[in-house]
Amino acid sequence: MRYEILGPLRVVDGTSVTSISARKIEVLLAALLVRADEVVSSEDLVKEIWGTRAPRQAVAALHVYVSQLRKFLRRPNRAESPIVTARSGYVLRLGDDELDFHVFQGLVRQGRVAQRAGRTHEACEAYEEGLEFWRGPVLEDLRDGPIVNGFVCWAEQARLECVESFVEAGLEVGRHREFVSYLYARIEELPLNEAFYRQLMLALYRSGCRADALNVYQSARAVLSEELGLEPSAALKRLHHAVLVDAPELEAA
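Remember, predicted model here, so these are calculated numbers, not experimental data. (Residues numbered from 1 in each chain as written. Predicted model: local features only at pLDDT ≥ 70, side-chain atom pairs only at ≥ 80, totals over all residues. Heavy atoms only, no water.)

(A) Examining the pairing of strand E6 (residues 89-92) more closely. As paired strands, strand E4 (residues 40-41) and E6 are joined by 2 bridges and run antiparallel to one another. Its bridge partner lying in E6, Val 40 is registered against Tyr 90. As paired strands, strand E5 (residues 83-85) and E6 are joined by 3 bridges and run antiparallel to one another. In the strand pairing of E6, Ile 83 is matched with Leu 92. Connecting E5 to the next strand, E6, in antiparallel fashion are 3 residues. (Pairing = 2+ DSSP bridges. Helix = DSSP H or I, 4+ residues; strand = E, 2+ residues; numbered from the N terminus.)

Listed below in structure tokens is the structure:
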């Protein structure tokens, strides 16, 4: 069985894909998955589900939700529930089950090891496979509590770092034309991320689109000035100058 949180929350068991329609129970499962194999206190779960408006009988209601969640996760070939009661709360034990974010992290680590060893094609494939696990905004409708919110910020940063590494590896192996449209989309998504402007300029230059590369720099400069009152970084300025003078180091290896 695989739990998927890199998008809307769902549970995949073979060819069966299921989700929870009751929001509070969905929030409960999300919080337990974010802290998988760790005890989450009843106090923290109450705060995650109700925030500052917890009802008087919140702990009793939590017990009911846990019972309903156990029924949802029950499988014919499994004797024990993955949700275990602890002294102060509950823990969801993954056991042989998968969590898509953990699989993603493993592929990113694999990519980094391969990239450091000079196996760039292998690194590129690992990053790309990891990014395929992202199905949309992480737990988009469940971000009201500190547990899920904290995870979302961390996960989005991990995704951003993976995207940047993926593009770096792709440019190293000559996939510059392929990444042009991909990088335009990433800039549309995150217009203040200078790394994407730098990578797009390099991809365009190596694709024979020098004028377009220079236009990307001007776009970056305008956005940064308008939104933050800042000039482009020294690294982006150096790349701009290198494109202007056709610096030989810009050519693909």
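Continuing now.
(B) Just unusual backbone geometry, in detail. Even without being a glycine, Asp 37 presents a positive backbone phi close to 70°. Of note, Asp 37 is situated in the loop between helix H1 (23-34) and E4. Taking relative accessible area as the criterion, Asp 37 reaches 46% and is therefore assigned partly exposed. (Buried < 20%, exposed > 50% of the residue type's maximum accessible area, 1.4 Å probe, protein only.)

(C) Spotlight on the packing of H1 against helix H2 (residues 42-50). For the pair H1 and H2, interaxial distance at closest approach is 9 Å and the crossing angle is 130°. Taken together, the axis directions place H1 and H2 in an arrangement best described as oblique. H1 and H2 meet at a crossing whose hand is right-handed. In this structure, H1 contributes Lys 24, Val 27, Leu 28, Ala 31 and Leu 32 to the contact, and H2 contributes Leu 45, Glu 48, Ile 49 and Trp 50. (Axes fitted to C-alpha atoms, helices over the stretch in contact; angles between N-to-C directions. Parallel < 35°, antiparallel > 145°, perpendicular 65-115°, else oblique. Left-handed = near helix turned anticlockwise from the far one by under 90°. Contact = heavy atoms within 4.5 Å.)

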